[in-house]
Amino acid sequence: RAEIPMPGGRVLREADFSRCPEPYPCDYTDADGAVIYRVAKWLRGSEKSYSVHHPVPGGWSNGRGGAQRVLYGLPEVLAAIGRGETVHVVEGEKKAHMLRMLGLVATCNDGGAGKFTRAHAESLREAHRVIVWADNDEPGKSHVEQTARALHEAGLRDVRPPVLSGLKHREGLDD
């Protein structure tokens, strides 16, 4: 069984991330498009885990390396806001990629439910409309409430949290 690169101080090489399932690894960038950290998903049997890494000479080291949390796809999101497009906020990079394949502007925060910050909301301050999608579980519902509240506090007026009927417990937009 292959070793899963996890915390322990070793520098990961790009090839180490080839074992991540699509769409991972997912790079988070600053507003200018420079990679500041990466989220990786690892599978071991039916178990999954996530890790965060920042670029260092020769590869990737564990953690954010002091980088502030940003929205996934920040340059694309900011450009879409400038064009007046609706922004979709989802729980996780996989869902963001799914919506992007449908031609929508989609983003998320790293770390999953409950990790949407005021800084994330401030990044979306000028958006015309933000749609916040929930997974069908308590963390997902709380995440939507927290995200919508932060967006309203940042001054957004049109924040919509649609409800998908027919989802089983723990299912989400990608189901």
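Residues numbered from 1 in each chain as written. Predicted model: local features only at pLDDT ≥ 70, side-chain atom pairs only at ≥ 80, totals over all residues. Heavy atoms only, no water.

As for helix α4 (residues 138–153)
Then, in step 1: With 16 residues, α4 should reach 22 Å at 1.5 Å per residue; the first-to-last C-alpha distance of 22 Å fits that figure.
Then, in step 2: What α4 keeps buried is the set Gly140, His143, Val144, Thr147, Ala148, Ala150 and Leu151. Taken down its axis, α4 places every buried residue within 160 degrees of arc, on the same side. Facing away from the buried surface of α4 by more than 90 degrees, the exposed residues are Glu138, Glu145 and Glu153.
Then, in step 3: Against the buried residues of α4 lie β5 (87–89), α3 (118–123), β7 (130–132) and β8 (159–160).
Then, in step 4: Sitting at the amino-terminal end of α4 is aspartate 137, which places a side-chain oxygen 2.7 Å from the backbone nitrogen of glycine 140. (Helix = DSSP H or I, 4+ residues; strand = E, 2+ residues; numbered from the N terminus. Expected span 1.5 Å × (residues − 1). Buried < 20%, exposed > 50% of the residue type's maximum accessible area, 1.4 Å probe, protein only. Arc of directions from axis to C-beta. Contact = heavy atoms within 4.5 Å. Polar contact = N/O pair within 3.5 Å; in protein donor to acceptor, adjacent residues only side chain to side chain.)

Quick look at the pattern of salt bridges
Then, in step 1: The tally for this structure, following the rule as stated, stands at 11 salt bridges.
Then, in step 2: Put simply, aspartate 110 and arginine 64 hold a salt bridge, and the shortest N to O gap is 2.3 Å. In this pair, aspartate 110 is assigned in the loop between β6 (105–107) and α3 and arginine 64 in the loop between β4 (59–62) and α1 (74–82), connecting sequence segments 46 residues apart.
Then, in step 3: Residue aspartate 110 is classed as buried on the basis of its relative accessible area, which comes to 0%.
Then, in step 4: The salt bridge partner of lysine 94 is aspartate 174, with a shortest N-O separation of 3.6 Å. Of this pair, lysine 94 sits in helix α2 (residues 93–101) while aspartate 174 sits in the segment after β8; the two residues are 80 residues apart in sequence, bridging distant segments of the chain.
Then, in step 5: According to the relative accessible area criterion, lysine 94 is partly exposed, its value standing at 43%.
Then, in step 6: Residue aspartate 174 is classed as partly exposed on the basis of its relative accessible area, which comes to 27%. (Salt bridge = Lys/Arg side-chain N within 4 Å of Asp/Glu carboxyl O.)

Comments concerning the sheet that holds strand β1 (residues 26–29)
Then, in step 1: What the 4 strands build is an open sheet, ordered β1-β2-β3-β4; its pairing is antiparallel. Edge positions in the open sheet fall to β1 and β4, since each of these has one partner strand only. Between one strand axis and the next, the sheet turns through 35 degrees on average, direction left out of account.
Then, in step 2: Sheet topology note: the strand β2 (residues 35–44)/strand β3 (residues 47–56) ladder contains 7 bridges and is antiparallel. (Pairing = 2+ DSSP bridges. Axes fitted to C-alpha atoms, helices over the stretch in contact; angles between N-to-C directions.)

Regarding the confidence of the model for the protein chain
Then, in step 1: The pLDDT averaged across the protein chain works out to 94; a share of 95% of its residues lies at or above 70.
Then, in step 2: Ignoring residues within four places in sequence, the model shows residues 1–7, a span with pLDDT below 50, making 19 contacts including any to other chains. (pLDDT = per-residue confidence, 0-100.)

Let's talk about the sheet that holds β7
Then, in step 1: Taken together, 4 strands build an open sheet; the order of strands is β6-β5-β7-β8 and the sheet is parallel. In this open sheet, the two edge strands, each paired with only one partner strand, are β6 and β8.
Then, in step 2: Against the sheet, α1 contacts β5 and β6, and its axis sits at roughly 140 degrees relative to β6.

Some words on the packing of aromatic side chains
Then, in step 1: Enumeration over the complete set of coordinates arrives at 5 aromatic pairs.
Then, in step 2: Relative to tyrosine 50, the ring of tyrosine 24 has its centre 5.9 Å away and its plane inclined at 65 degrees; by these criteria the two rings are edge-to-face. Of this pair, tyrosine 24 sits in the segment before β1 while tyrosine 50 sits in strand β3, and the two are 26 residues apart along the sequence.
Then, in step 3: Classification of tyrosine 24 by relative accessible area gives buried; the value is 6%.
Then, in step 4: We classify tyrosine 50 as partly exposed; its relative accessible area is 41%.
Then, in step 5: Clustering of aromatic rings is evident, with ring pairs tying together Phe17, Trp42 and Trp60. (Phe/Tyr/Trp six-rings, centres within 6.5 Å; stacked < 30°, edge-to-face > 60°.)

Comments concerning the environment of glutamate 22
Then, in step 1: When you line up the elements, glutamate 22 lands in the segment before β1.
Then, in step 2: By relative accessible area, which is 71% here, glutamate 22 ends up exposed.
Then, in step 3: The sequence separation of glutamate 22 and lysine 41 amounts to 19 residues, and the corresponding C-alpha distance is 8.9 Å.

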